[in-house]
Amino acid sequence: MKVVTQVKLIPDAAQAPAIAATLYTFNSEANWVSEVAFMNGVPREYALRKLAYAQLKERGLGAQVAQHVIKKVRDAYTTLHAGLRAGNLGRPGSKRRRKAGAKPVVFRPEAAQRYDDRCLSWQYDAQTVSIWTTAGRLKNVRFACSADALKMLQQYRKGESDLIERDGVFYLVAVCEVPEAERCEPDGFIGVDLGIANIATTSTGYQAAGRGLNRYRKRQLALRAKLQKKRTKSAKRRLKERSRREARHVKNTNHIIAKTIVTEAERTSAGISLEELKGIRQRVRLRKPQRVALHSWAFAQLGDFIVYKARRAGVPVVYADPAYTSQQCCECGHIDKKNRASQALFTCRNCGVVAHADRNASHNIARKGDAVWIAGRESRVPATP
């Protein structure tokens, strides 16, 4: 399985301008290739190389780097067209959809640029890299990372790395091919109910309350609004300092929750059953005050963290249909909208069971996950002679 590892570059006073100029040149040339592709009907990658490769070489790019710029542009158009087909940019004929397809793809000056082993080499013992730039090959560019990240790079790094700039700091994001653990035969499934009031509730009793995270989000939202209203230089400086702080906090919280759930599943030799919530933002209709909470809900990120941690631990993961899991009694199976007395209380109208609503839903998800696993498992019945 592929895992990305990020390291921080620490260039000296002479190396930093060269790296910044290189990244700017990459994206400037990518914008030119994008215009060429758009004017020629976005041809395939090989045809686009015929149109742009020679001129990129004349503009000062190396052969391998020129190939990466062309591939970057073609991949961007592939992603755009896939989004249009999937309806991610609005319905056919909508203003947003027409605007997206009526102009060439544009790359930011600090957008990521990929490097392969011909353009970038790693010296792990010295913690330096040698990287191609428009000013020539830069050697002994120092990088910093944790001991675990360095060990991951030494053992599993394979393939390309991306050079990115974030708030004036350069990073390399390397791809590591980590071997997956052998998947075990689960002894039951742990159901995971995802939500906003409670970020995650499992059928084994673990509950990650969302009260602290929701308060943190509201506090950050109010602070951003206050600073944006001032519009002074100091306020803008504070906004820049605080950018992405909320996202980092949410990401760290989701990592902790995912690790807890996967560790419990690994300890009990169980699988994990998750809800299939894709498209929920398009399906659900909420009042305006509730939309901020829904659209800042990072359920997909938490699900991705659980899946990749489970794959590394050899824990099976299945996705279950979330329909009626909050209205169905986990004891008798009775489904009634009135069973959900409140956000936190579940009271079965048939058998009288009283339970926490999210805990009840997690048991239903666990049962559905078991059914999904059995339906997809190979039959072990001996063949009829």
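These figures come from a predicted structure and were not determined experimentally.

K.L.:
Can you lay out the sheet that holds strand E1 (residues 2-10) for me, pointing to particular residues and giving the numbers?
P.N.:
Here seven strands make up an open sheet; going across it, the order is E2-E6-E7-E1-E5-E4-E3 and the pairing antiparallel. The open sheet is flanked by strand E2 (113-115) and strand E3 (120-123), the only strands paired with a single partner. Neighbouring strand axes in the sheet, compared pairwise and without regard to direction, differ in orientation by 35° on average. With respect to the sheet, helix H1 (residues 15-39) is in contact with E1, E2, strand E4 (128-133), strand E5 (136-144), strand E6 (157-166) and strand E7 (169-177), its orientation differing from that of E5 by roughly 110°. The strands that helix H3 (residues 63-86) touches are E2, E4 and E6; relative to E2, the one it contacts most, it runs at about 135°.

K.L.:
I'd like to hear about the environment of arginine 211, residue by residue, with values.
P.N.:
With respect to the helices and strands, arginine 211 occurs in helix H6 (residues 211-230). When its relative accessible area of 54% is taken as the criterion, arginine 211 is described as exposed. In the structure, arginine 211 is positioned 12 residues away from isoleucine 199 in sequence and 8.9 Å away in space, judged by C-alpha atoms.

K.L.:
How would you sum up helix H2 (residues 45-58)? Please name residues and give values.
P.N.:
With 14 residues, H2 should cover 20 Å at 1.5 Å per step; its first-to-last C-alpha distance of 19 Å lies within 8% of that length. Of all the bends in H2, the largest measures some 40° and sits at alanine 52. Where H2 is concerned, the buried positions are Leu48, Ala52 and Leu56. The secondary structure elements touched by the buried residues of H2 are H1 and H3. In the stretch just after H2, glycine 60 is the one whose phi turns positive, near 110°.

K.L.:
Give a detailed account of the environment of alanine 366, specifying residues and quantitative values.
P.N.:
Counting through the fold element by element, alanine 366 comes out in helix H12 (residues 357-376). A C-alpha to C-alpha distance of 9.8 Å links alanine 366 and glutamate 275, two positions 91 residues apart in sequence. Alanine 366 has contacts with Phe189, Ile190, Gly191, Ser203 and Ser273, leaving out every residue within four places of it along the chain.

K.L.:
Quick one: what's the story with empty space enclosed by the protein, residue by residue and with numbers?
P.N.:
Empty space among the atoms becomes visible once a probe the size of a water molecule is rolled across them. All told, the structure shown has one cavity of 30 Å³ or more when counted by the stated rule. In this model, the largest cavity occupies a volume close to 30 Å³. Lining the largest cavity, in full, are Ile190, Thr202, Thr204, Tyr206, Thr260, Ile261 and Glu264. If you tally residues by element for the lining of the largest cavity, the top one is helix H8 (residues 245-267), at three residues. Along the lines of polarity and charge, the residues of the lining of the largest cavity split into three nonpolar, three polar and one charged.

K.L.:
Mind laying out the pattern of salt bridges, listing which residues take part and the relevant values?
P.N.:
Counted by the stated rule, this structure contains 13 salt bridges. Across the pair glutamate 110 and arginine 108 runs a salt bridge whose closest N-O atoms are separated by 3.1 Å. In this structure glutamate 110 comes out as partly exposed when scored by relative accessible area, which is 30%. The partner of arginine 224 in a salt bridge is glutamate 246, and the shortest N-O contact between them spans 3.0 Å. Here arginine 224 is found in helix H6, whereas its partner glutamate 246 is found in helix H8, with 22 residues between them in sequence.

Reading the values: the criteria
Residues numbered from 1 in each chain as written. Predicted model: local features only at pLDDT ≥ 70, side-chain atom pairs only at ≥ 80, totals over all residues. Heavy atoms only, no water. Pairing = 2+ DSSP bridges. Helix = DSSP H or I, 4+ residues; strand = E, 2+ residues; numbered from the N terminus. Axes fitted to C-alpha atoms, helices over the stretch in contact; angles between N-to-C directions. Contact = heavy atoms within 4.5 Å. Buried < 20%, exposed > 50% of the residue type's maximum accessible area, 1.4 Å probe, protein only. Expected span 1.5 Å × (residues − 1). Bend = angle between axes of the 7 residues up to and from the residue. 1 Å grid on protein atoms, 1.4 Å probe; cavity = no way out; pocket = protein on both sides within 12 Å on 5 of 7 lines; lining within 4 Å. Points joined across faces, edges and corners; volume = space filled by probe spheres on them. Nonpolar A, V, L, I, M, F, W, Y, C, P; charged D, E, K, R; others polar. Salt bridge = Lys/Arg side-chain N within 4 Å of Asp/Glu carboxyl O.

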